[in-house]
Structure formats: C-alpha cells, structure tokens
Amino acid sequence: MKAFPMKKKMREKERGSMSDLRLPRLLGDYAVLQRGKSIHIWGWDLPGRTVSICLVEEETDSEPEKNMEQGKAPEQDRTSGEKARAWYVRADETGCFSAFLPAKEAGGPYTLRVEDEAGERLERKHLLIGDVWYCSGQSNMELPMSWVAPYYEEEIKNCENPYIRSFKIAEHADFHGSLSEPLSGKWKPANPKNVLDFSACTYFFAKKRWEQTGVPAGILNVSLGGAKIEAFMSREMLEGYEDCLAEAERYAQDDWRKEQEEKNEQSTAEWYGRLQKEDAGIKGAWMQEEAWNKNEESMWKEEEAGRQDYSSRIDVPFFFRNTGYRGLCGSVWLARHFTVTKEMVAQDSVLCLGTMVDADEVYVNGSLVGCTAYQYPERRYPLKAGTLHAGENFLVIRLISEQGEGRITPGKPFCLKTESEEIPLSGIFQARVGAVCEKRPPVDFINWRSTGLYNGMVAPCEAFPIAGFLWYQGEANAHMPGVLTYSDKLKRLIESYRKAWKDDGLPFLYVQLPNFEIETYYGNEEERDSDWGAMRIEQEKVLALPGTGMVRTIGLGEDNDLHPHNKKDVGELLADLAEKMTGGLLS
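Rules behind the numbers
Residues numbered from 1 in each chain as written. Predicted model: local features only at pLDDT ≥ 70, side-chain atom pairs only at ≥ 80, totals over all residues. Heavy atoms only, no water. Helix = DSSP H or I, 4+ residues; strand = E, 2+ residues; numbered from the N terminus. Buried < 20%, exposed > 50% of the residue type's maximum accessible area, 1.4 Å probe, protein only. Contact = heavy atoms within 4.5 Å. Salt bridge = Lys/Arg side-chain N within 4 Å of Asp/Glu carboxyl O. Phe/Tyr/Trp six-rings, centres within 6.5 Å; stacked < 30°, edge-to-face > 60°. Lys NZ or Arg CZ within 6 Å of the ring centre and 35° of its normal. Expected span 1.5 Å × (residues − 1). Arc of directions from axis to C-beta. Axes fitted to C-alpha atoms, helices over the stretch in contact; angles between N-to-C directions. Parallel < 35°, antiparallel > 145°, perpendicular 65-115°, else oblique. Left-handed = near helix turned anticlockwise from the far one by under 90°. Nonpolar A, V, L, I, M, F, W, Y, C, P; charged D, E, K, R; others polar. Pairing = 2+ DSSP bridges.

1. Considerations on unusual backbone geometry
Here the bond from Gly108 into Pro109 is cis, since omega is 10°, no more than 30 degrees from zero. Locating Pro109 in the fold gives a position in strand S8 (residues 107–116). With an omega of 0°, the peptide bond running from Met480 to Pro481 counts as cis. Within the fold, Pro481 resides in the loop between strand S26 (468–472) and helix H14 (486–500). Despite not being glycine, Lys502 has its phi angle at roughly 60°, a positive value. Tracing the backbone through its elements, the reader meets Lys502 in the loop between H14 and strand S27 (508–511). Owing to a relative accessible area of 67%, Lys502 belongs among the exposed residues under this scheme.

Following this line, the structure appears as structure tokens:
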C-alpha cells in the first residue's frame with residue numbers, strides 16, 4: 001500500500017460546515033471501485049490526525065484486525081473467514097489523507113469503514129469491485145434514458161441490475177482552478193426509476209460489458225450538452241492556443257463572468273417579455289377555437305400590424321425558409337381540427353409533434369397541454385383520458401422562432417397516439433403571425449468556455465482509478481475553420497488525461513460523428529459554417545495515437561436530428577470495441 005498526501009487542497013467553500021472527517025462523494029454508497037488496480041481511498045480531516053481505513057465484505061461482521069505500522073500492507077489479502085485488516089494514514093498539513101489498498105478481483109459487496117483517532121467514523125456500504133469507465137462529451141453522451149424512453153420501454157422495464165451503476169458529475173464550470181471533488185452527485189444502481197437519469201449511451205455500454213464479462217460496471221458520467229472540447233481541457237493542454245487561454249483568463253474574472261450572466265438573464269427576459277407583450281395571439285386568445293372563427297378583418301389587420309403578406313395556410317411540417325415566413329423572428333400560431341373516436345376519448349393518449357425550432361406552446365380545446373423552451377427535445381405531450389372530445393377537437397401550436405430559422409421538423413412523428421390507435425396530424429393548418437421581433441440576442445453559454453469544465457468536473461475525478469475512457473463529442477467543434485485543430489486538441493486531451501490518471505495505457509474509445517444533414521446553430525453567426533465531414537476526418541487522425549479506438553456511426557444517425565435515438569447500437573459498439581481492445585486484460 002502507498003500512502004501520500006493529495007496534491008489538491010480542499011477549498012473552504014467545498015467543505016462547508018461538515019464534520020472534520022470527510023470522504024469524497026465518489027467514495028459513496030454503491031460506488032464501484034476499479035478491479036485489478038490499487039484501491040485509492042482518500043479524504044479530509046484535521047491536519048495531523050491519524051485515520052484508519054478498512055474495506056470489508058459485508059457478510060463479515062468481525063472487527064478489523066489493526067495493522068498498527070502506518071503504510072504497511074498485510075502480507076496477503078483477506079480470504080473468507082479471515083479478519084478484515086485496517087491501514088493507517090495521517091492527514092497532512094492541508095488536511096488531506098490518501099492511501100492505496102491492495103488490488104482486488106471483481107466482487108462484493110463491501111463496506112468501507114474510515115475512522116480517525118478522535119472517534120469520528122464513516123461507513124460507505126454496498127461497494128463493488130469492477131470496471132469503472134470515465135464517459136465524457138456533449139449532449140449525445142449526456143442524453144438520458146428519459147429522453148429516449150418511448151423507444152426503449154421494455155429495456156427500461158427490465159433493467160434491474162445492481163451490478164450496473166452510474167455517477168453523474170454535477171454540471172459546474174470553474175475558471176479559478178481545479179476542484180478536489182464534485183460539488184454534488186451520488187452512485188445509483190440500475191433500476192427502472194434510476195436508469196431514466198443514466199446516460200443512454202453509457203447504460204447500453206455498461207449492460208453489454210456486464211453481459212460480456214460478468215464484471216460489475218461503473219460509469220462516471222462527465223458530460224454536458226453543447227460543450228466544446230476546449231471546456232474539458234486544462235490551461236496546460238491548451239498551451240499555444242492563445243485565443244482559448246485568453247478566454248479562460250477573461251472568465252476567471254468574477255466581475256466579467258457575473259456581467260455575462262446578468263446579460264444572459266436580462267436579454268432573455270427582455271426579448272421574451274416584448275414578444276409576450278406584442279403577440280396578437282396572446283391578446284386575442286388565439287389558443288381558443290372561437291378566435292379562429294371570427295371575421296378575419298376584425299381579428300387581425302395586416303396593414304395595422306405593418307406586416308408583409310404571410311401565408312394564412314401552411315402545410316405542416318415545414319421550414320420557415322420554404323414559406324412566406326422566411327427569416328421571421330417572433331411567433332406564428334398554427335391551428336387545425338382533428339377527429340377522435342369515443343374509444344380514444346376513454347384512453348390516455350400522447351401528442352407526438354416531433355422537434356420544433358425554437359420553442360412552442362401547444363393547446364388542445366383551449367387548454368395548454370405542453371410547452372418546450374428550446375429546439376432539441378422531441379415533443380411528446382401526454383393527454384389524460386377525458387381531455388379529448390368524441391368527434392371534433394381543436395389543436396393550436398404557438399411556435400416561437402428566435403433566429404429566423406423556425407421549423408416543425410419534417411420526417412418526425414406528428415400524430416396523436418393511444419395504445420391501439422394513431423391519428424396523423426400533419427397537413428394543412430391555418431396560420432397567423434402573432435408578433436415580429438428582432439433576433440434574440442446571443443446567449444453566452446459560460447459553462448462551455450475554455451478550461452471551465454476541466455476544473456469543475458474532470459479534475460475531481462482524477463484520483464479515482466478507472467478502466468478507460470469513452471468520448472462522444474465534436475458537434476460543437478464542427479465549424480470551420482476551428483474544426484481543423486480538433487485532432488490536435490483531442491490528442492492533447494488523451495495524453496494529458498492518461499498522465500493525470502497516472503496510466504499511459506488507459507484505452508480511449510470514442511464515437512465518430514454520424515450522418516446529419518439538417519442545419520443546426522448555437523445562436524452565433526460565426527458558428528453556422530458547420531462541416532461534419534471535416535470533423536470525421538479529424539477524428540480519424542486521432543487513431544494514430546496508441547491505445548485509441550473509434551466507433552463509426554454513419555447510418556446510426558438521423559439526418560433530421562442532432563440527437564439520434566439509437567443509443568443502444570452506439571453503446572454496444574463501444575462495448576464490443578472495449579472487449580476487443582481490453583478483453584484479454586480486463587475480462
């Protein structure tokens with residue numbers, strides 16, 4: 001066993017008013033510890049205090065046999081019937097203590113007992129020894145099972161498995177320096193409730209790895225939608241990229257960052273406030289069917305509104321750019337009748353309306369049944385039995401376009417569903433402009449800025465031994481000309497992560513971007529020149545680095561969706577690649 005102080009001193013804001021003896025959240029109940037490697041146990045106490053550490057099988061109730069010589073490991077690991085042994089370390093001048101216990105094979109459950117000389121004692125229960133995979137990237141890595149639940153109902157129903165566990169690192173960017181542990185989070189075993197919070201891609205990866213190896217699988221989910229690779233990199237990794245270093249320095253200034261946060265909040269509130277105030281559909285209650293039955297001239301006068309000749313009938317789904325609404329920023333109201341049977345009225349149903357750009361409110365028979373504030377989620381609004389009327393019903397969609405790129409996405413489900421029936425809702429809608437505004441001001445996504453996520457999310461995991469890395473990222477970097485630096489940055493990230501985890505042989509598995517055609521944007525004009533083909537070439541280049549593997553996903557994407565639902569095949573391809581690259585070593 002090794003014993004030495006941790007390098008990172010815990011900040012006072014991280015410690016708060018908790019007891020003196022503390023363990024990191026990663027060493028919590030239900031944790032998975034890496035098999036075949038020294039088991040790292042660390043934490044914090046008052047400087048100079050001696051701390052005992054014991055890892056005992058849970059079916060063993062015996063008191064640990066104490067090994068009084070600090071830093072000395074037992075001659076052999078405990079076997080069945082042998083008393084558990086304890087190791088002693090001393091907290092250094094910063095209050096950190098750290099010890100490496102002998103490696104173990106896969107198994108468990110275990111209880112971790114930590115006690116100091118003042119009598120403070122902590123226990124962490126139901127720990128397993130298995131394979132821990134660090135999984136990072138942006139939205140397609142983060143995408144939870146709840147997002148794709150309608151496509152995997154049986155998987156979710158039958159997912160109970162205490163040997164698959166996940167820890168979601170809380171979203172946090174820090175520009176001052178590395179945190180010593182995540183600000184929040186806990187380990188969760190797979191069951192129908194918990195799995196909804198699991199990354200879909202990593203759940204299917206872990207499930208396949210369990211089937212392949214019979215070894216417990218732990219997932220560290222360190223991902224954030226929209227984040228660029230630079231956010232996951234330290235200043236050292238970005239050496240030579242002066243624009244990134246300048247950005248990191250700028251956001252390390254608390255006053256500057258606070259100013260940006262206030263601008264975000266203020267500009268968003270003002271833009272939506274003006275839209276609400278000026279929207280004729282809000283004033284005229286266009287969510288009600290009666291408003292659409294009024295005389296057109298009394299309801300809305302184009303000359304008074306000063307608006308161009310917009311189409312009054314639209315074939316939905318549609319792109320603004322293909323209609324008279326091209327470039328419109330503001331709101332468009334869409335309405336149509338649809339007919340349901342008596343049998344459908346008595347059943348719960350779901351309005352499936354695909355994706356929309358950017359935000360929407362949906363009304364049925366005058367009542368709000370759902371709304372979504374941004375473009376990416378697939379709209380699925382549940383309707384309780386009795387909400388609909390037998391015969392004719394009235395559907396109204398208030399569609400908000402922030403950048404003039406509005407759409408109801410073609411090729412997506414657009415219907416009313418029950419368990420037994422489905423009514424198509426696409427076709428001709430009445431259409432009216434509620435309000436015309438300027439473009440919504442760009443949002444400064446501060447957490448995506450250079451070095452922020454490395455300090456706040458990556459660094460807190462570096463003390464936790466792992467089996468390898470999974471990476472699914474690149475969409476946010478697929479813009480010219482910056483995409484041409486991606487392979488260099490990813491290589492730097494890989495080499496630096498391996499160095500941080502003190503293991504140059506850690507496998508790094510990543511996903512090449514799939515097929516995707518429909519335009520996407522992040523609210524900034526300079527980021528619209530997207531080139532996924534160039535990104536795929538950059539990703540290919542990284543295979544020159546030893547110990548890397550790439551999953552090709554052309555054909556698994558959806559041309560009309562940045563977030564394809566087929567995360568099962570992606571996860572399983574990663575698992576097969578892990579088996580190929582590490583099977584002889586880990587299985």
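And the narrative resumes.
2. Re the side chain of Asn194
Secondary-structure assignment places Asn194 in the loop between strand S11 (187–190) and helix H5 (200–213). Here Asn194 is in contact with Lys188 and Pro189, once residues within four sequence places are set aside.

3. Examining the pattern of salt bridges
Going through the model one piece at a time under the given rule, you end up with 34 salt bridges. The salt bridge partner of Arg49 is Glu120, with a shortest N-O separation of 3.5 Å. Placement of the pair is Arg49 in the loop between strand S3 (39–44) and strand S4 (50–57) and Glu120 in the loop between S8 and strand S9 (121–137), with a sequence separation of 71 residues. The exposure class assigned to Glu120 is partly exposed, which follows from its relative accessible area of 22%. Here Lys412 makes a salt bridge to Asp561, at a shortest N to O gap of 2.5 Å. Taken together, the residues span a long stretch of sequence, with Lys412 in the loop between strand S22 (407–408) and strand S23 (415–417) and Asp561 in the loop between strand S28 (548–551) and helix H16 (567–586) at a distance of 149 residues. Within the structure, one salt-bridge network assembled from shared partners comprises Asp20, Asp45, Arg49, Asp116 and Glu120.

4. Overview of the packing of aromatic side chains
Scanning all chains against the criterion turns up 30 aromatic pairs. Pairing Tyr163 with Trp210 gives two aromatic rings, centres 4.9 Å apart and planes at 5°, and the pair type is stacked. Taken together, the positions of Tyr163 in strand S10 (residues 161–168) and Trp210 in helix H5 put the pair 47 residues apart, joining distant regions of the chain. Relative accessible area serves as the criterion here: at 35%, Tyr163 is assigned to the partly exposed category. On the numbers, 6.2 Å between centres and 65° between planes, the contact of Phe414 with Phe429 is edge-to-face. Of this pair, Phe414 sits in the loop between S22 and S23 while Phe429 is found in strand S25 (residues 427–436), placing the two residues 15 residues apart along the sequence. Note on Phe429: relative accessible area 0%, which makes it buried. Taken together through their ring pairs, the aromatic side chains of Tyr134, Phe232, Phe469, Trp471, Tyr497, Trp501, Phe508 and Tyr510 make up a single cluster. One Lys or Arg, Arg432, reaches over the ring of Trp286 and ends 5.8 Å from the middle of that ring. Here the guanidinium or amino end of Lys489 rests over the ring plane of Tyr241, the centre of that ring lying 4.6 Å away.

5. Focus on H5
For H5, which comprises 14 residues, the first-to-last C-alpha distance of 20 Å matches the rise-based estimate of 20 Å (1.5 Å per residue) to within 8%. Burial analysis of H5 places 10 of its 14 residues in the buried class, the great majority of the element. When H5 is considered as a whole, its buried residues turn out to be Ala200, Cys201, Thr202, Tyr203, Phe204, Phe205, Ala206, Lys208, Arg209 and Thr213.

6. So, H14
A rise of 1.5 Å per residue sets the reference length of H14, with its 15 residues, at 21 Å; its end C-alpha atoms lie 21 Å apart and thus fit the reference within 8%. Taken together, the buried positions of H14 are Tyr486, Ser487, Lys489, Leu490, Leu493, Ile494, Tyr497 and Arg498. One side of H14 holds all its buried residues, which, seen down the axis, span an arc of 165°. Lys502 lies just past H14 and shows a positive phi near 60°.

7. Some words on the packing of H14 against helix H15 (residues 532–541)
A pair of packed helices can be characterised by two numbers: the angle between their axes and the separation between those axes. At a minimum axis distance of 8 Å, the contact between H14 and H15 shows a crossing angle of 40°. Viewed along their axes, H14 and H15 adopt a mutual orientation that is oblique. Crossing of H14 over H15 shows right-handed handedness. When H14 is examined against H15, the residues Tyr486, Ser487 and Lys491 are found in contact with a partner set consisting of Met535, Glu538, Gln539 and Lys541. Tallied by class, residues from the contact of H14 with H15 come to 2 nonpolar, 2 polar and 3 charged.

8. Points about the sheet that holds S25
Through backbone hydrogen bonds, the strands of a sheet pair up, either in parallel or in antiparallel fashion. An order of S13-S25-S15-S21-S18-S19 is seen for the 6 strands of this open sheet, with the pairing classed as antiparallel. On the outer flanks of this sheet lie strand S13 (313–316) and strand S19 (367–372), each paired with one strand and no other. Sheet twist, expressed as the average angle between the axes of neighbouring strands with direction ignored, equals 30°. Two strands pair when backbone bridges link them, and strand S15 (residues 330–340) and S25 are joined in this way by 6 bridges, in the antiparallel orientation. When the bridges of S25 are listed, Val332 appears paired with Val433. Sheet contacts for helix H7 (residues 254–278): S15, strand S18 (359–364), strand S21 (391–401) and S25; angle to S21, the most-contacted strand, approximately 135°.

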